[in-house]
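Survey of secondary and tertiary structure
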Amino acid sequence: AAGVIQSPRHLIKEKRETATLKCYPIPRHDTVYWYQQGPGQDPQFLISFYEKMQSDKGSIPDRFSAQQFSDYHSELNMSSLELGDSALYFCASSLRGQGAWNTEAFFGQGTRLTVV
Amino acid sequence: DAKTTQPTSMDCAEGRAANLPCNHSTISGNEYVYWYRQIHSQGPQYIIHGLKNNETNEMASLIITEDRKSSTLILPHATLRDTAVYYCIVRVGGGGADGLTFGKGTHLIIQP
């Protein structure tokens, strides 16, 4: 079965650079979520989108922005990168519309961002 | 969302049932109990969720006490691949992964 695809899997950037992470949800899923997991930390919710509109917002820094496109894929844009942004970034997707309710979310394998 | 308390770590022998407890004494009437797990450096994986009735699926069973202040996740026949951090999360229903608060979880180690 198709899963959530994230790209790239690994990314190395220098301080103050920008990075763009991409997430391709499971086909037919209309909702995407972004989570950040620092070294030795638990996943922290950043932001989510449903039908291309922001659905919920967590602890996403102002330097980060995200959007969901018409094909439902999502991109997380990160600017002025700091050493503390080094983390695993997970994307998840679920089906919320079309009468679906209380359905589970599926997480991707993550993008490991290293800021040097 | 209500706060949860889980043991930091647990061991279980391969082939035995693994019983993971979770306390959520401040749970509200409209909050569900969700369980996720995370195998090292992989994305979290949904296991099961419930409101007040016991639930079972192909992965696990969820037993919720009558007062809903605690629950137990049961992996009936643990394998080495079940070694992971297990998160008990209490939140309002609606599915999805909005604002999941993972907390520290229980590191379950399956021993051969």
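Here is a short report on the structure shown in this document. Residue positions are given per chain, counted from 1 along the sequence in the order it is written. As a convention, the first chain written is A and the first ligand written is 1, with the rest following in written order. Residues qualify for local features only when their pLDDT is at least 70, as the model is predicted, and side-chain atom pairs are given and counted only at 80 or more; totals for whole chains, interfaces and linings, by contrast, use all residues. With hydrogens and water set aside, each side-chain value is computed from the structure's full complement of heavy atoms.

Next up on the list: the overall build of chain A. Think of it this way: any DSSP run of H or I at least four residues long counts as a helix, any run of E at least two long counts as a strand, and we number them from the N terminus. Broken down by element type, chain A carries zero helices and 11 strands. From first element to last, N terminus to C terminus, chain A shows the α and β order β-β-β-β-β-β-β-β-β-β-β. The reference for a compact globule is 2.2 Å times residues^0.38; the radius of gyration itself is calculated from the C-alpha atoms. For 116 residues, the compact-globule estimate of 2.2 N^0.38 gives 13 Å, and the C-alpha radius of gyration of chain A, at 14 Å, lies within 12% of that figure. The dimensions of chain A, computed from C-alpha atoms along their principal axes, are 45 × 25 × 25 Å. Each residue is placed in one exposure class: buried if its accessible area under a 1.4 Å probe, protein chains only, is under 20% of its type's maximum, exposed if it is over 50%, and partly exposed if it falls in between. Counting all 116 residues of chain A, 47% fall into the buried class. Contacts spanning at least 24 positions in sequence make up 56% of the contacts within chain A whose residues lie at least 6 apart. For the accessible areas, the method is Shrake-Rupley and the probe is 1.4 Å, while residue cover comes only from the protein chains on display. When the accessible surface of chain A is summed, it comes to about 5700 Å², and 49% of that surface belongs to carbon and sulfur atoms. Any pair of residues with heavy atoms lying within 4.5 Å of one another is described as a contacting pair.

One speaks of a salt bridge when a side-chain nitrogen belonging to Lys or Arg is within 4 Å of a carboxyl oxygen belonging to Asp or Glu. By the definition in use, this model includes five salt bridges over all chains. Salt-bridge contacts for Lys-104 of chain B lead to Asp-42 of chain A; the nearest nitrogen and oxygen are separated by 3.4 Å. Of this pair, Lys-104 of chain B sits in the loop between β8 (84–92) and β9 (106–111) while Asp-42 of chain A sits in the loop between β4 (31–37) and β5 (44–50), which puts the two residues in different chains. We classify Lys-104 of chain B as exposed; its relative accessible area is 62%. The network of salt bridges with common partners includes Arg-63, Glu-82 and Asp-85 of chain A.

A word on the state of the cysteines. Note that a disulfide, as used here, is simply two cysteine sulfur atoms within 2.5 Å. Summed over the entire model, instances satisfying the criterion amount to two disulfides over all chains. Disulfide partner of Cys-23 of chain A: Cys-91 of chain A, at an S-S distance of 1.8 Å. On the S-S bond that ties Cys-23 of chain A to Cys-91 of chain A, the torsion sits near -60°, and the link is left-handed. Remark: Cys-91 of chain A occurs in strand β9 (residues 87–94) and Cys-23 of chain A occurs in strand β3 (residues 19–24); sequence separation between them is 68 residues. Residue Cys-22 of chain B pairs covalently with Cys-88 of chain B via a disulfide, S to S 2.1 Å. Here Cys-22 of chain B and Cys-88 of chain B share a disulfide; its torsion about the S-S bond, -80°, makes the bridge left-handed. One end of the pair, Cys-22 of chain B, is in strand β2 (residues 18–23); the other, Cys-88 of chain B, is in strand β8, with 66 residues separating them in the sequence. The buried category is assigned to Cys-22 of chain B, whose relative accessible area is 1%. Cys-12 of chain B carries a free sulfur, and the closest cysteine sulfur to it, the one in Cys-22 of chain B, is 18 Å from it.

Turning to the sheet that holds strand β8 (residues 74–78) of chain A, a few remarks are in order. Residue and element names in this part refer to chain A. By the convention used here, strands pair only if DSSP detects at least 2 bridges between them. Spatial ordering of the open sheet is given by β1-β3-β8-β7, a layout of four strands whose pairing is antiparallel. If you trace the sheet from one side to the other, it starts and ends with β1 (5–7) and β7 (64–68), each paired once. Ignoring strand direction, the axes of neighbouring strands in this sheet form an average angle of 15°. Sheet topology note: the β1/β3 ladder contains three bridges and is antiparallel. Bridge pairing in β3 links Ser-7 to Lys-22. Note on method: axes are straight lines fitted to C-alpha atoms, helices fitted across the in-contact stretch only, with angles between N-to-C directions ranging 0 to 180 degrees.

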